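Here is how the chains run, residue by residue.
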Amino acid sequence: MKRSLLFFVLLLPLLYLLISVQSANDPIKYIFTCTGISSLIILILSLSLTPLKKIINLIKYRRMMGLFSFFYALLHFLNFYILDAQFDVTFVLKETLDKPFIYLGMIAFSILLFMAITSTRKLFAKFNKWHKLVYIVLILVVIHEAMAQKVLGNLEFMFIFMTIVLLGYRAFLFRVKWLKKKK
Ligand code: HEM
């Protein structure tokens, strides 16, 4: 697949959001949903490239997908800071301290920001071990998403299932590596 095609595909959620936001009853909530779900799905797809490698190697696209996941998380954060909080830092701090799901989101976002900054070739060579923190981001965001709902639905169970599969595969790789080292 061409990189430009993937770039265009990853921009589709933003185009969809721009077209449909005018007709939303509650635009702020709608932007939270579109940007949050897009970021989480792209994050899960980017992490799925590791187990998929056995069938088809698409690892070279992981960086672009990771950056797009961060891009949608950034729009999600800006929606909170600009439209919801209207630049009121006291409100941001109060919400973050009062609502556990918001501070989970803040921690996840800070890690994603760190990963985006250190994703250049030079910095990645130095910080690549730290990029394993992306699995912590996945756990935090799946909890954050579930806590933002009043009732858990199929989507939440699918996110939880994918998280268990991806973490299970990571644990399996870790064990194989450990056994090889022991020999
Ligand atoms: C920067 C820190 C974050 C803040 C302040 C924040 C804030 C929020 C808020 C207020 C909601 C509830 C919206 C509503 O239903 O009224 C929400 C939901 C959500 N957030 Fe975040 N979030 C943050 C980080 C993240 C990150 C990093 C991701 C993804 C990688 C994410 C994904 C989601 C998802 C998927 C939902 C559920 C959307 C829905 O079903 O309506 N959030 N977030």
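Fair warning: this is a prediction, and the values are worked out from it, not measured in the lab.

1. Considering the nonpolar core
Okay, so step 1: Among the nonpolar cores identified, the biggest contains 22 residues, and L40, L43, L47, V137 and L138 are the most heavily contacted of them.
Okay, so step 2: Those elements giving two or more residues to this core turn out to be α2 (27-52), α3 (62-84), α5 (100-117), α7 (134-147) and α8 (154-182).
Okay, so step 3: Those residues in contact with L138 that sit more than four places away from it in its chain are L40, L43, I44, L47, T163 and L166.
Okay, so step 4: Membership of the second largest hydrophobic core comes to 14 residues, among which are L6, I42, Y61 and Y72.

2. A few points about the packing of aromatic side chains
Note on aromatic pairs: each is described by the distance of the centres and the angle between the planes.
Okay, so step 1: What the rule picks out here adds up to 12 aromatic pairs.
Okay, so step 2: Here the aromatic rings of F77 and F109 are separated by 5.1 Å at their centres, their planes lie at 15°, and the arrangement is stacked. Placement of F77 in helix α3 and of F109 in helix α5 is noted, with a sequence separation of 32 residues between them.
Okay, so step 3: F109 gets classed as buried once you look at its relative accessible area, which sits at 13%.
Okay, so step 4: Aromatic ring contacts, followed pair by pair, group F70, F77, Y81, F87 and F109 into a single cluster.

3. Looking at the side chain of S69
Okay, so step 1: Of note, S69 is situated in helix α3.
Okay, so step 2: For S69, a relative accessible area of 0% translates into the label buried.
Okay, so step 3: Leave out the neighbours within four places in its chain, and S69 touches S39, I42 and L43.

Definitions and cut-offs
- Residues numbered from 1 in each chain as written.
- Predicted model: local features only at pLDDT ≥ 70, side-chain atom pairs only at ≥ 80, totals over all residues.
- Heavy atoms only, no water.
- Core = buried A, V, L, I, M, F, W, Y, C linked by side-chain atoms within 4.5 Å.
- Buried < 20%, exposed > 50% of the residue type's maximum accessible area, 1.4 Å probe, protein only.
- Helix = DSSP H or I, 4+ residues; strand = E, 2+ residues; numbered from the N terminus.
- Contact = heavy atoms within 4.5 Å.
- Phe/Tyr/Trp six-rings, centres within 6.5 Å; stacked < 30°, edge-to-face > 60°.

These figures come from the coordinates and say nothing about function on their own.
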